[in-house]
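What follows is the residue order along each chain.
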Amino acid sequence: MARIAGVEIPNNKRVEIGLTYVFGIGKTKSQAILEKVKVDLNKKVKDLSAEEVNRIRKHIESEEVVEGDLKKSINQDIKRLMDINCYRGRRHKLGLPVRGQRTKTNARTRKGPRGSMIKKKK
């Protein structure tokens, strides 16, 4: 298994798909990275040479924001919204949908499980 950006890439996958296991790299970005470092998209991870893995690793470390750094910047952005008390920040604080979804029905993922029903009288 190749280890890139602290993530184990599965051997039996194509390199293009294997790179998507890294947080912050999707299929399009994966294709762009492999094109830039001149590695075949259809090659399996187990067939990569050590030199090719190093080229991919160096490119990701130097030019891409992935894993911990990306998660940290996302959390800082959300915290900034909450600090300036804008509409989106208030929705984050309250644990409600942020992007205009309805809340009368649905929104259970964001709101959590339903509260208990009022107990019936005996």
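Positions within a chain are numbered from 1, following the residues in the order the chain's sequence is written. Only residues with pLDDT of at least 70 are given local features in this predicted model, and only at 80 or more are side-chain atom pairs given and counted; all residues enter the totals for whole chains, interfaces and linings. Processing note: side-chain calculations cover all non-hydrogen atoms of the structure and skip hydrogens and water entirely.

A. Spatial organisation of the overall build of the chain. A run of H or I in DSSP becomes a helix once it reaches four residues, and a run of E becomes a strand once it reaches two; helices and strands are each numbered from the N terminus. Per the secondary structure count, the chain includes six helices and two strands. Reading the chain from its N end, one meets helices and strands in the order β-β-α-α-α-α-α-α. In terms of overall size, the chain is more extended than a compact globule, its C-alpha atoms giving a radius of gyration of 21 Å where 122 residues would be expected to give roughly 14 Å. Expressed along its principal axes, the backbone C-alpha trace of the chain runs to roughly 70 × 40 × 20 Å. Here, residues are in contact when the closest pair of their heavy atoms is within 4.5 Å. Contacts in the chain between residues at least 24 apart in sequence constitute 41% of all its contacts with a sequence separation of at least 6. Both charge centroids of the chain, one from 32 positive and one from 14 negative side chains, sit 19 Å from each other. Both definitions apply: the radius of gyration is a C-alpha atom measure, and the globule rule equals 2.2 Å times residues to the power 0.38. By the counting scheme adopted, Arg and Lys are positive, Glu and Asp are negative, and His together with the chain ends is not counted. Charged groups are reduced to one reference atom each: NZ for lysine, CZ for arginine, CG for aspartic acid, CD for glutamic acid.

B. Structural context of the packing of aromatic side chains. Paired rings are identified among Phe, Tyr and Trp, the last through its six-membered ring, by centres lying within 6.5 Å, and are further divided according to the angle between planes into stacked (under 30 degrees), edge-to-face (over 60) and tilted (the rest). Throughout the structure, instances matching the rule amount to zero aromatic pairs. By definition here, charges over rings are those cases where NZ of Lys or CZ of Arg is within 6 Å of the ring centre and within 35 degrees of the ring normal. The side chain of Lys71 reaches across the aromatic face of Phe23, ending 5.0 Å from its centre.

C. Focus on the pattern of salt bridges. Here a salt bridge means any side-chain nitrogen of Lys or Arg lying within 4 Å of a carboxyl oxygen belonging to Asp or Glu. Applying the stated rule across the entire model yields seven salt bridges. Residue Glu64 is joined to Lys29 by a salt bridge in which the shortest nitrogen-to-oxygen separation is 3.5 Å. Taken together, the residues Glu64 in the loop between helix 3 (50-63) and helix 4 (67-83) and Lys29 in helix 2 (residues 27-36) connect sequence positions 35 residues apart. Given the relative accessible area of 33%, Lys29 is considered partly exposed. Each residue is placed in one exposure class: buried if its accessible area under a 1.4 Å probe, protein chains only, is under 20% of its type's maximum, exposed if it is over 50%, and partly exposed if it falls in between.

D. A look at the packing of helix 4 against helix 5 (residues 87-94). Lines fitted to C-alpha atoms define the axes here, with helix axes fitted over just the stretch in contact, and angles between the N-to-C directions of these axes take values from 0 to 180 degrees. At their nearest, the axes of helix 4 and helix 5 sit 7 Å apart, and the two run at 105 degrees to each other. Judged by the angle between their axes, helix 4 and helix 5 are roughly perpendicular. Here helix 4 contributes Ile78, Leu81 and Met82 to the contact with helix 5, which in turn contributes Arg88, Gly89, His92 and Lys93. Residue composition of the contact of helix 4 with helix 5, grouped by class: three nonpolar, two polar and two charged. Should an angle lie under 35 degrees it is considered roughly parallel, over 145 roughly antiparallel, and from 65 to 115 roughly perpendicular; all remaining angles are considered oblique. Amino acids outside the nonpolar list (Ala, Val, Leu, Ile, Met, Phe, Trp, Tyr, Cys, Pro) and the charged list (Asp, Glu, Lys, Arg) are all regarded as polar, and Gly is one of them.

E. Examining the nonpolar core more closely. Buried residues of nine kinds, namely Ala, Val, Leu, Ile, Met, Phe, Trp, Tyr and Cys, make up a nonpolar core once their side-chain atoms join them within 4.5 Å. Membership of the largest hydrophobic core comes to 18 residues, with the highest contact counts inside it found for Val15, Leu19, Ile25, Ile56 and Ile60. If you tally residues by element for this core, the top one is helix 3, at three residues. Excluding residues within four positions of it along the chain, Val15 makes contact with Ser30, Leu34, Leu41, Lys43, Lys44, Val45, Leu48 and Ile56.

F. Just the environment of Leu41, in detail. On the secondary structure map, Leu41 appears in the loop between helix 2 and helix 3. Of the residues examined, Leu41 reaches a relative accessible area of 29% and is grouped as partly exposed. Each C-alpha atom of the pair Leu41 and Gln31 lies 7.0 Å from the other, and the pair is ten residues apart in sequence. The contacts of Leu41, once residues within four sequence positions are left out, are Arg14, Val15, Glu16, Gln31 and Leu34.

G. Local environment of unusual backbone geometry. Backbone geometry at Asn85 places phi at a positive 60 degrees, although glycine is not the residue there. Relative to the helices and strands, Asn85 resides in the loop between helix 4 and helix 5. The backbone phi angle of Asn106 is positive, close to 65 degrees, even though this residue is not glycine. Relative to the helices and strands, Asn106 is located in the loop between helix 5 and helix 6 (108-111).

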